[in-house]
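Survey of secondary and tertiary structure
So you can see what is in the structure, the chains are spelled out below.
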Amino acid sequence: MPLRHLSKAVGAAVLLGGLALSAPVQAQTPTSMLDTIRSRGNLICGVNTGLAGFAQPDSQGVWRGFDVDYCRAIAAAILGDGTKVRYVPLTAQSRFTALQSGEVDVLVRNTTWTLSRDTSLGFDFAGITFYDGQGFMVKASLGLTSARELNGATICVQPGTTTEQNLTDWARSNRIEFRPVVIERIEEVVGAYTSNRCDAYTTDVSGLAATRAVQPRPADHVILPDVISKEPLGPLVRHGDQRFADIVRWTHFALLGAEEFGLTAANVDQAAASDPRPEVQRMLGKNGELGQMLGLQPNWVVSVLKTTGNYGEVFARNLTPIGIQRGPNALWTTPGGLQYSPPFR
Amino acid sequence: MSSTIDPRLLRAPPKKGLRLSWADERFRAIVWQVLIVSAIVFVIWWLVRNTQHNLEVRRIATGFGFLGREAGLPIGESLISYTPRDTYLRALTVGVLNTLNVAVVGVVLATIFGTVIGIARLSKNWLVGRIATIYVEVIRDVPLLLQLLFWYTILQSLPGPRQAINPATGVFLSNRGLKLPFFHWESAHTAAFGAFVIGCVALWFVAKQLRAKQYADGQPRALWPWALGLLLGLPIAVWLVLGAPFTTDIPALRGFNFSGGLNVSPEYFALLIGLVTYTAGFIAEIVRAGILAVHQGQWEAAQALGLHRGQVLNRIVLPQALRVIVPPMTSQFLNLTKNSSLAVAIGYQDIVSIANTTLNQTGQAIEGIAIIMGVYLTISLSISLFMNWYNARITLVER
């Protein structure tokens, strides 16, 4: 190819490219998530790679946990069947890209609601399913009673989380110097802590409890009383499909409302048939059109409750066994409880 | 002379006009070129436009503005001073330096170690040869990630800081890393290091001079007194003139950890050992191939000229072997550099680890990945350029 021909060719191509640039971009009509999920026949749910109590496959390979139950509840609300979920295990670092790019429909992975995630990452948080806070776990043999005694310690932490930033903020304001060991995979970072590479391991208190519960001797590890941050955890979806965000949000509220009204997996059928309370009637689709307003079946709450039970049942099944108390996650009717559902009206 | 040339050969060919016909070769060439270039331009434009559109629709922030923001991420080891209060730009710089640190040290060690193994494999000693063969075969067949995790697990199973292995005063080996005694670095040391660099340059000129003299009168001259003086004498002289400061900095257990002295973290050490042993397996084979590529007759001919064994190796065999060794060696150096990104798995904070965290905190994946790609491209191209230059320098000058 002689060079002078090439330059002509480039000139012509640039001209063509310019024309193409000025042509209007075909506006993409975003298909609704609800239609996508219905036509696909399952919900794709991003979960933790393995955190006892929240998301972990059991010995038969069935995913179990608090977050997993939320995936099942959302699938039950939309598709009427809580088994129609495909779980995608995601690391702390890969989770946001997976949601942004559409690899998962919804992310239920112990994710803290923050302003920047809600805005510049392009997400919508659908609620707070678990009020958490960041703490420290150390070996009992160190004899520590407070995190303030950790000056000079080596601390294991996972990257790409609010945990990492909270740790540096806390260390700065308390004038504590520490050496970080930053490892991405939870198995590796816990391994580094248990093999004594680090003096302390920091993450959300719920995560610490989950890690402690699966240690060969849990009593060898102590979770220090200091809680250094607020970690409101909840499911999140891509910004832009408000209807889908509404469904995820109201699935959470349905679980809370059901606990408040005493509806459980066992009694929901009977309640749907005979409970006289008007709000229960509206929730369970006997009266009004709440289901249709969300674009769901009238009896969607019945499907949800038959799949997972109410919030209290979900909590008792997954988190109570690993030693996590209800605490701030009790209903608002209990002193100190923060979980509160807006009215079903 | 000119009268013997046929005048027809000096005639210019008739100028052909460009015809707008498929039969015209030049016209066809232009059409194809226009089509292909515009197709490429269109694809690139479409990709960029599509990305921009989707980012807008999803309200994902774009641009490199985040580089100036406070990072707030902790970094375990750093060659320059760093606190979480610094910017993302500084954090990423720390990551680049950490990558370079492991890559440069790794390349040097892997070359030395690989050359030793490669020569050992050619050894006439049965045991040495067999051990080298087994080493190469085993190391090449196990995935690198597995080897890294293996080394990291081994280092983690060392005793804790309180039970540290203490083979000599000030040397501690524990699962917190290797602690070595050092001295407080002062300006005199920096000056001495500067003198060492100057000494290296001076030595290069001296070597050139000596070679020129040897070419003139045929007398070989020893370089080593010069080397001793310039590389060792000069820095020591500078250090002495500046008052010979020397305060030892011996590591001691204070609170949770050792403080003072030099620290080699288990993460860095595991990554370095893993990369060096793995790459050395490949380099050994390249070195062996290079040496075997030099014909036996070259050895015999050189010995017949009366050169002793060292001279034969240095002046006859190695220059020829290097021509075979250098090009594949470049690939190994590039492999080692790129493989250092596996550091993520064992918690060594290289550029990939830090850029990943950055893109996770800012949500700007495209920018983050672009930074990682840019860094590796720059490092790799630099290695390639240097090795190509070196390769051109050592090519056999053929007449």
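Here is what the cut-offs are and how they apply
Residues numbered from 1 in each chain as written. Chains lettered and ligands numbered in written order. Predicted model: local features only at pLDDT ≥ 70, side-chain atom pairs only at ≥ 80, totals over all residues. Heavy atoms only, no water. UniProt positions renumbered as here; feature names shortened; annotations may be inferred. Contact = heavy atoms within 4.5 Å. Buried area = accessible area lost by both parts, 1.4 Å probe. Salt bridge = Lys/Arg side-chain N within 4 Å of Asp/Glu carboxyl O. Polar contact = N/O pair within 3.5 Å; in protein donor to acceptor, adjacent residues only side chain to side chain. Helix = DSSP H or I, 4+ residues; strand = E, 2+ residues; numbered from the N terminus. Nonpolar A, V, L, I, M, F, W, Y, C, P; charged D, E, K, R; others polar. Pairing = 2+ DSSP bridges. Axes fitted to C-alpha atoms, helices over the stretch in contact; angles between N-to-C directions. Disulfide = S-S within 2.5 Å. Buried < 20%, exposed > 50% of the residue type's maximum accessible area, 1.4 Å probe, protein only. Phe/Tyr/Trp six-rings, centres within 6.5 Å; stacked < 30°, edge-to-face > 60°. Lys NZ or Arg CZ within 6 Å of the ring centre and 35° of its normal. 1 Å grid on protein atoms, 1.4 Å probe; cavity = no way out; pocket = protein on both sides within 12 Å on 5 of 7 lines; lining within 4 Å. Points joined across faces, edges and corners; volume = space filled by probe spheres on them. Domains from an automatic or database assignment. Patch = residues over 30% accessible without salt bridge, like charges linked within 9 Å, V, L, I, M, F, W, Y side chains within 5 Å. Areas by Shrake-Rupley, 256 points an atom, 1.4 Å probe, with all protein chains shown as cover. Lys, Arg positive; Asp, Glu negative; His and termini not counted. Charge placed at Lys NZ, Arg CZ, Asp CG, Glu CD.

Per an unreviewed UniProt entry, the recorded name for chain B is Amino acid ABC transporter membrane protein 1 (PAAT family), and the organism is Humitalea rosea. Listed under Sequence similarities (unreviewed entry) in UniProt, the entry text for chain B is "Belongs to the binding-protein-dependent transport system permease family. HisMQ subfamily."

Recorded under Sequence similarities (unreviewed entry), the UniProt text for chain A is reproduced unchanged: "Belongs to the bacterial solute-binding protein 3 family."

Considerations on the interface of chain B and chain A
Taken together, the contacts link 55 residues of chain B with 56 residues of chain A. Across the chain B to chain A interface the summed buried area is about 4,500 Å²; carbon plus sulfur atoms make up 54%. The largest per-residue losses of area from chain B upon contact with chain A belong to B:Gln33, B:Phe256 and B:Asn360, which jointly make up 16% of the total buried on that side. At the boundary of chain B and chain A, one finds three salt bridges. Residue B:Glu267 pairs with A:Arg197 through a salt bridge whose shortest N-O separation is 2.8 Å. For the pair chain B and chain A, the interface holds 12 residue pairs in polar contact (both at pLDDT 80 or more). Residue assignment for the side of chain B that touches chain A shows that the elements contributing at least two residues are α2 (25-57), α5 (144-156), β7 (257-259), α8 (266-293) and α11 (351-362) of chain B. Per-element accounting of the side of chain B that touches chain A gives the leading share, 13 residues, to α2(B). Looking at the side of chain B that touches chain A residue by residue, the classes come out as 24 nonpolar, 22 polar and nine charged.

Some words on the sheet that holds strand β8 (residues 262-264) of chain B
Residue and element names in this part refer to chain B. The strand order across the open sheet built from four strands is β1-β2-β3-β8, with neighbouring strands paired in antiparallel fashion. Because the sheet does not close on itself, it has two edges, and the strands there are β1 (165-168) and β8. This sheet shows a mean twist of 20° between the axes of neighbouring strands, independent of strand direction. Where strand β3 (residues 177-180) lies against β8, three bridges are found, and the strand directions are antiparallel.

Some thoughts on the pattern of salt bridges
For the structure shown, the criterion picks out 19 salt bridges over all chains. One salt bridge in this structure joins A:Asp69 and A:Arg72, with 2.6 Å as the shortest N-O distance. Taken together, the positions of A:Asp69 and A:Arg72, both in helix α3 (residues 66-79) and three residues apart, correspond to about one turn of that helix. Among the charged side chains, a network of salt bridges with common partners joins B:Arg121, B:Glu137, B:Arg140, B:Glu285 and B:Arg288.

Observations regarding the state of the cysteines
Residues and elements named next belong to chain A. With the rule as written, the count across this model stands at two disulfides over all chains. Residue Cys156 pairs covalently with Cys198 via a disulfide, S to S 1.9 Å. Handedness of the Cys156-Cys198 disulfide follows from its S-S torsion of about 65°: it is right-handed. Of the two residues, Cys156 is situated in strand β9 (residues 154-157) and Cys198 in the loop between α7 (186-194) and β11 (200-204); the sequence distance between them amounts to 42 residues. Like Cys198, Cys156 is buried.

Some points on the packing of aromatic side chains
Counted according to the given criterion, the structure contains 30 aromatic pairs over all chains. Measuring from ring centre to ring centre gives 6.0 Å for B:Phe66 and B:Tyr88, while their planes differ by 75°; the resulting arrangement is edge-to-face. Here B:Phe66 is found in the loop between α2 and α3 (88-121), whereas its partner B:Tyr88 is found in helix α3, with 22 residues between them in sequence. Ring centres of B:Phe182 and B:Phe183 lie 4.7 Å apart, and the angle between their planes is 20°; on these two criteria the pair is classed as stacked. Judged by its relative accessible area of 30%, B:Phe182 is partly exposed. Put simply, the rings of A:Phe54, A:Phe66, A:Tyr70, A:Phe130, A:Tyr311 and A:Phe315 touch in pairs and so form one group of aromatic residues. If you follow A:Arg326 out to its NZ or CZ, it ends over the ring of A:Phe315, 5.2 Å from the centre.

Remarks on the sheet that holds β9(A)
All names here are of chain A. The five strands lie next to each other as β10-β9-β11-β8-β12, forming an open sheet whose pairing is mixed. Only two strands of the sheet have a single partner each, and these edge strands are β10 (179-182) and β12 (221-223). Averaged over all adjacent pairs, the angle separating strand axes in this sheet is 30°, with direction ignored. Judged from the two bridges that link them, β9 and β11 form a sheet pairing that is parallel. Looking across to β11, one finds that Ile155 is bridged to Ala200. Against the sheet, helix α6 (residues 162-173) touches β8 (134-139), β9, β10 and β11, its axis set at about 80° to β8. The strands that helix α8 (residues 205-213) touches are β8, β11 and β12; relative to β11, the one it contacts most, it runs at about 125°.

Observations concerning the UniProt feature "domain: Solute-binding protein family 3/N-terminal" (unreviewed entry) in chain A
Per the UniProt entry, the sites bearing "domain: Solute-binding protein family 3/N-terminal" (unreviewed entry) are residues 42-271 of chain A in this numbering. Segment residues 42-271 of chain A splits into 34% helix and 23% strand. End C-alpha atoms: 28 Å apart.

Here we look at empty space enclosed by the protein
Rolling a probe over the atoms, with the probe sized like a water molecule, indicates the empty space that remains. All names here are of chain A. All chains considered together, the criterion is met by six cavities of 30 Å³ or more. Taken as a whole, the largest cavity holds about 250 Å³ of empty space. Lining the largest cavity are 23 residues; nearest its centre among them are Asn110, Gln158, Thr163, Thr203 and Asp204. Of all the secondary-structure elements, those providing two or more residues to the lining of the largest cavity are α6, β11, α8 and β13 (231-233). Broken down by element, the residue count for the lining of the largest cavity peaks at four residues, all from β11. Summarising the domain contributions, the lining of the largest cavity has at least three residues from each of domain 1 (33-130 + 233-329) and domain 2 (132-231).

Regarding a positive patch on the surface
A surface patch of positive charge is lined by B:Lys208, B:Arg211, B:Arg315 and B:Arg393. Mapped onto the secondary structure, B:Lys208 falls in helix α6 (residues 187-217).

Regarding the environment of B:Gly368
Residue and element names in this part refer to chain B. Looking at the secondary structure, you find Gly368 in helix α12 (residues 365-394). Using a relative accessible area of 5% as the deciding quantity, one classes Gly368 as buried. Each C-alpha atom of the pair Gly368 and Thr357 lies 9.1 Å from the other, and the pair is 11 residues apart in sequence. Excluding anything up to four places from it in sequence, Gly368 contacts Ala355 and Leu359.

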